[in-house]
Amino acid sequence: MGTNPPQALRVLLLFSDTGGGHRAAAHALQQEFLAQNPHHRVYMEDVLLQHTFWPLRESDRFYFWAVTRAPWFWKVFYHTTALPLIFPSLYRSLSLVLTPRLQRLYDVYRPHLVVSLHPVLNHLPREVLRRWERQRERPRAPFATVITDLTTFHPSWVDPHVDLISVATEEARTAVLRLGASSRKVRVLGLPVRAAFRDLPADRGALRRRLGLDPRRPVILLMAGGQGMGPVEAIARAVAGASLHAQLVIVAGRNQELEARLKAMRWAIPTHILGFVEDVHLWMAASDVLLTKAGPGTIAEALICGLPMLIYSYIPGQERGNVDFVVHHKVGAFVPEPQEIARVVRSWLDDPAMLAAMRQRAQALGRPHATRDIVNALLALVDMSSGRSRESTTRVTLYSDPASPGSRMSPPSRTSRQ
Ligand code: UDP
């Protein structure tokens, strides 16, 4: 008789807070692992911001500055670092900084599974894990990548030697295969989203009342990613100024300045201004139309909610393909100019049959169970690999406390690093 399959696992999720999507996806996976088995230990580590030094430690600020203030620079940076000659040399330089830090993380957590949710954390952490396992005579832990972009992404996401690559769409799968990954390893499972998106309220009227909205007026939801970036004010003015029979909900996210500015303004139609909200699923479920930048998380969530969307901007590079995705699947349109946005929204609201058809198409593309499906695929990887280990002569210790004597880094609690 063989050893029992693992009951409780140590899972290490590698991400970085360059844009909110990586953390949100890691957090959704963490919650799902714990929902499936509260004894799993799921550690989230922001490798770039917490385990490096200047200037890498400032990657979040650099990213935010580039995408908001100098999108042209971001575009050049993105496409230059995607060149086949450039990014291997970047990895070699990064290796000097990251290798000792990753080894320490592996020493502390001794993971049964490592998952990357960041474009910079694939090739190198996978190589370091293999070396570390050989040095410590550990059984081989699977390494997986969960791509948190929807359709187009930086090539650094794809290391053909990882054990599994989870992607959100067929478009992304095609791109991953083109970058040399084997089709055996690539699964189209959707984008990790919060569990709340699995269970949306069906009664829209009651939901609107609960949110303090007028149950009879159509709802236009204006979002701008987690950071509230882009021409939100101009769009809001144009839409509110178009005298539509509708109400406007503006989510400013973490942009407090924007929130304060919008709250100080007078509006021609009923308008609700919110800061960062935790219940995006409710606001989306209550809405008729979404105006948003082409953020992958927001688009994936809107599809689940069957919410037609009008994309007004995108981050060059990784978000460009999302615009084509929305247009190609006829779940929305790309309209960058504020007055034109107001005109298109009016035409949509005046045509309920077209809006309903878009709703249906969106729902058909949505993947409310993506997070659960991804976690199941990851757990299956561990099962397969512990099976392999049982066949080998290496002894597998499936569960023991990760705090190694003499380690300077003590393992954080399961949820302390969200
Ligand atoms: N979001 C949220 N509360 C807010 C605004 C945004 O929870 O007040 C979430 C949104 O639901 C989505 C994420 O932030 O999951 C934004 O991700 P996206 O990929 O769309 O854009 P990013 O902010 O990463 O550029």
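Residues numbered from 1 in each chain as written. Predicted model: local features only at pLDDT ≥ 70, side-chain atom pairs only at ≥ 80, totals over all residues. Heavy atoms only, no water.

### Topic: the pairing of strand β2 (residues 41–46)
And step 1. Among the six residues in β2, five count as buried, and that is most of the element.
And step 2. Here six bridges tie strand β1 (residues 10–15) to β2, and the two strands are oriented parallel to one another. Looking at the pairing, F15 lines up with D46 of β2. (Buried < 20%, exposed > 50% of the residue type's maximum accessible area, 1.4 Å probe, protein only. Helix = DSSP H or I, 4+ residues; strand = E, 2+ residues; numbered from the N terminus. Pairing = 2+ DSSP bridges.)

### Digging into a nonpolar patch on the surface
And step 1. A surface patch of nonpolar side chains, amounting to about 380 Å² of accessible area, comprises L83, L85, I86 and L90.
And step 2. One can find I86 in helix α5 (residues 86–109).
And step 3. For I86, a relative accessible area of 30% puts it in the partly exposed group. (Patch = residues over 30% accessible without salt bridge, like charges linked within 9 Å, V, L, I, M, F, W, Y side chains within 5 Å. Areas by Shrake-Rupley, 256 points an atom, 1.4 Å probe, with all protein chains shown as cover. Salt bridge = Lys/Arg side-chain N within 4 Å of Asp/Glu carboxyl O.)

### Details of the packing of helix α9 (residues 232–240) against helix α14 (residues 338–349)
Geometry of a packed helix pair, given as the angle between the helix axes and the separation of the axes.
And step 1. Running from N to C, α9 and α14 point in directions that differ by 45°, and their axes come no closer than 8 Å. In this view, α9 runs oblique relative to α14, as classed from their interaxial angle. The two elements α9 and α14 meet at a crossing, and its hand is right-handed. Every residue of α14 that contacts α9 at A234, I235, A238 and V239 is listed here: P338, Q339, I341 and A342.
And step 2. Grouping the constituent residues of the contact of α9 with α14 by class yields seven nonpolar, one polar and no charged. (Axes fitted to C-alpha atoms, helices over the stretch in contact; angles between N-to-C directions. Parallel < 35°, antiparallel > 145°, perpendicular 65-115°, else oblique. Left-handed = near helix turned anticlockwise from the far one by under 90°. Contact = heavy atoms within 4.5 Å. Nonpolar A, V, L, I, M, F, W, Y, C, P; charged D, E, K, R; others polar.)

### Points about the side chain of T81
And step 1. Mapped onto the fold, T81 is located in helix α4 (residues 71–81).
And step 2. Given the relative accessible area of 10%, T81 is considered buried.
And step 3. Polar side-chain contacts of T81 include one of 2.8 Å to the backbone oxygen of F77.
And step 4. In this view, T81 contacts I86, F87, L90 and H154; residues no more than four positions away in its chain are not counted. (Polar contact = N/O pair within 3.5 Å; in protein donor to acceptor, adjacent residues only side chain to side chain.)

### Some details on the sheet that holds strand β10 (residues 289–293)
And step 1. On the basis of which strands lie adjacent, the open sheet formed by six strands has the order β9-β8-β7-β10-β11-β12 and parallel pairing. Taken across any chain shown, the strands that pair with only one partner, and hence form the sheet edges, are β9 (271–274) and β12 (332–334). Across the sheet, the axes of successive neighbouring strands diverge by a mean angle of 15°, strand direction being ignored.
And step 2. Bridging between β10 and strand β11 (residues 309–313) involves four bridges; their strand directions are parallel. Each bridged residue has a counterpart across the sheet, and for T292 the counterpart in β11 is I311.

### Describing the pattern of salt bridges
And step 1. This structure, assessed with the given rule, holds 19 salt bridges.
And step 2. Residue R23 is joined to D17 by a salt bridge in which the shortest nitrogen-to-oxygen separation is 2.7 Å.
And step 3. For E301, the salt bridge goes to R194, with nearest N and O atoms at 3.5 Å. Here R194 lies in the loop between β6 (186–188) and α8 (204–210) and E301 lies in helix α12 (residues 296–304), a separation of 107 residues in the sequence.
And step 4. The exposure class of R194 is partly exposed, given its relative accessible area of 31%.
And step 5. Salt bridges here are not isolated pairs; linked through shared partners, they connect R130, E133, R140 and D163.

### Here we look at unusual backbone geometry
And step 1. One non-glycine residue, S243, lies in the positive phi region at around 50°.
And step 2. Mapped onto the elements, S243 comes out in the loop between α9 and β8 (247–251).
And step 3. With relative accessibility at 60%, the residue S243 sits in the exposed group.
And step 4. If you check the backbone angles, K330 has positive phi at about 55° while not being a glycine.
And step 5. Following the sequence through the fold, K330 ends up in the loop between α13 (320–328) and β12.
And step 6. With a relative accessible area of 52%, K330 lands in the exposed category.

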